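These are the residues of each chain, in order.
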Amino acid sequence: MNTKRSFKDVFGTMPLIGVIHLFGAMPESERSKTALADVQSYLSSGIKNILVENFDYGFGKHENIFFELGNIVDAIKGKFGEQVTLGVKTKSPHHDYVLSYGSRGVSFVQLDHVTGGLVMSDGNHGTITTFENFDNYVVQRAAYPEVFVLGGVHPDCYKLKDVNDCVHPLLLRSCEMTVEMCDSLVITGGAVRYEVKQNTLSAVRTAVDDFPILIGSGLSDANAKSLLAFADGAIIGSYFREQ
């Protein structure tokens, strides 16, 4: 666990983290322009915590993504400097390398998920295992202790199965593993823009006590008050930009 800075030190109280989704269909130069425009939009709305993500491309190509996202990080830092608290999330199985973005001066990173698969809504069972190359993650953690790590408690936007209308125990075990390996946990709904169920958030809050929880999808004006009662902040994206 990061012992140098607390969640509040990094993000402030009840923060919103604005995600910038970069799409594979964009030319590389267009991604940079889009990122800078989105940062300006978030800052204009009072949101200074920014998360850059390769949303739908570059899977498994760590070297290429590190170079490109690194350039975008440099562009954001060059234009906005200390106005933003900047982080990176890579859609890549190479979670052990994500901390190396610390060399580009990011304040935090997000792991898409800490464990392997879980029980899906269609009844298929997964396993609770840590990602590959965990030993290298430990090495990277030691190399960049100042980088705050957000950990997904399951692969992003999985549809998880409830058991008799209760949260599946494998999800809660995944939360425990995330607490052991990261500085804050992120929980998402079943798809992009899907809200996290209130009973899920309540169960996770009970399981992890006062460990920081971020809502990773589906926050809106309509549900913010009820959901944030169980969380410490949220990652927001397209819904808020459209508003």
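Note that the coordinates shown come from a computational prediction; the quantities given were computed from them, not determined experimentally. (Residues numbered from 1 in each chain as written. Predicted model: local features only at pLDDT ≥ 70, side-chain atom pairs only at ≥ 80, totals over all residues. Heavy atoms only, no water.)

Asks: So what exactly am I meant to see when it comes to the packing of aromatic side chains here?
Replies: Remark: the centre distance and the inter-plane angle together describe each pair of aromatic rings, the angle taken between the planes. For the coordinates displayed, the defined rule picks out 4 aromatic pairs. Ring centres of Phe 7 and Phe 11 lie 5.2 Å apart, and the angle between their planes is 55°; this geometry places the pair in the tilted category. Of the two residues, Phe 7 and Phe 11 both sit in helix α1 (residues 7–11), 4 residues apart, roughly one turn of that helix. Side by side, Phe 7 and Phe 11 carry an identical accessibility label, which is buried. (Phe/Tyr/Trp six-rings, centres within 6.5 Å; stacked < 30°, edge-to-face > 60°. Helix = DSSP H or I, 4+ residues; strand = E, 2+ residues; numbered from the N terminus. Buried < 20%, exposed > 50% of the residue type's maximum accessible area, 1.4 Å probe, protein only.)

Asks: When you look at the side chain of Asn 223 in this model, what are you seeing that I'm missing?
Replies: In this fold, Asn 223 is placed in the loop between β7 (213–215) and α7 (224–228). Looking at Asn 223, its side chain comes within polar contact range of the side chain of Glu 195, at 3.1 Å. (Polar contact = N/O pair within 3.5 Å; in protein donor to acceptor, adjacent residues only side chain to side chain.)

Asks: Quick question: what am I supposed to make of the nonpolar core here?
Replies: Across soluble globular proteins, you tend to see nonpolar side chains buried next to one another. Core analysis: the largest hydrophobic core is formed by 51 residues, its most contacted members being Ile 20, Ile 76 and Ile 215. A per-element tally of this core places helix α3 (residues 62–80) first, with 6 residues. Excluding anything up to four places from it in sequence, Ile 76 contacts Ile 20, Ala 35, Leu 36, Val 39, Val 52, Gly 81, Val 84 and Leu 86. With 12 residues, the next largest nonpolar core counts Phe 108, Val 186, Leu 214 and Ile 235 among its residues. (Core = buried A, V, L, I, M, F, W, Y, C linked by side-chain atoms within 4.5 Å. Contact = heavy atoms within 4.5 Å.)

Asks: Where do I start with the pattern of salt bridges in this structure?
Replies: In a structure, side chains of opposite charge can pair up when their charged atoms sit close to one another. A full pass over the atoms with the stated rule returns 6 salt bridges. With its nearest N and O atoms 3.5 Å apart, the salt bridge here joins Asp 112 to Lys 89. With Asp 112 in the loop between β4 (108–111) and α4 (134–143) and Lys 89 in strand β3 (residues 85–89), this residue pair connects regions lying 23 residues apart in the sequence. Lys 89 carries the same exposure label as Asp 112, and that label is buried. (Salt bridge = Lys/Arg side-chain N within 4 Å of Asp/Glu carboxyl O.)

Asks: I keep staring at α4 and nothing clicks. Help me out?
Replies: Residues spaced three or four apart along an α-helix face the same direction, because each turn holds 3.6 residues. Here α4 has its buried residues at Tyr 137, Gln 140 and Arg 141. Considered in projection along α4, the buried side chains sweep an arc of 105° and stay on one side of the axis. Exposed residues pointing more than 90 degrees away from the buried face of α4 are listed as Asp 135 and Ala 142. Among the structural elements, β4, β5 (148–152) and α5 (169–181) are those in contact with the buried residues of α4. (Arc of directions from axis to C-beta.)

Asks: Which parts of the structure should I look at to understand the sheet that holds strand β8 (residues 233–236)?
Replies: In sheet architecture, strand pairing relies on hydrogen bonds along the backbone and comes in two forms, parallel and antiparallel. An order of β1-β2-β3-β4-β5-β6-β7-β8 is seen for the 8 strands of this closed barrel, with the pairing classed as parallel. For this sheet the average axis-to-axis angle between neighbouring strands, irrespective of direction, equals 25°. The pairing of β7 with β8 spans 2 bridges and is parallel. Within the sheet, the bridge partner assigned to Ile 215 lies in β8 and is Ala 234. Against the sheet, α5 contacts β5 and β6 (184–187), and its axis sits at roughly 150° relative to β6. (Pairing = 2+ DSSP bridges. Axes fitted to C-alpha atoms, helices over the stretch in contact; angles between N-to-C directions.)

Asks: Sorry if this is basic, but what is going on with helix α6 (residues 198–208) here?
Replies: Buried within α6 we find Thr 200, Leu 201, Val 204, Arg 205 and Val 208. Buried positions in α6, seen along its axis, are confined to an arc of 135° and lie on one side of it. Of the surrounding elements, those touching the buried residues of α6 are α5, β6, β7 and α7. The positive-phi residue at the C-terminal boundary of α6 is Asp 209, with phi of around 60°.

Asks: When you look at unusual backbone geometry in this model, what are you seeing that I'm missing?
Replies: A negative phi holds for most residues other than glycine; trans holds for most peptide bonds. A positive phi angle, near 45°, is found at Met 14, a position not held by glycine. With respect to the helices and strands, Met 14 occurs in the loop between α1 and β1 (16–22). On the accessibility criterion, Met 14 (41% relative accessible area) is partly exposed.

In short, the description is geometric, and any link to function would need to be established separately.
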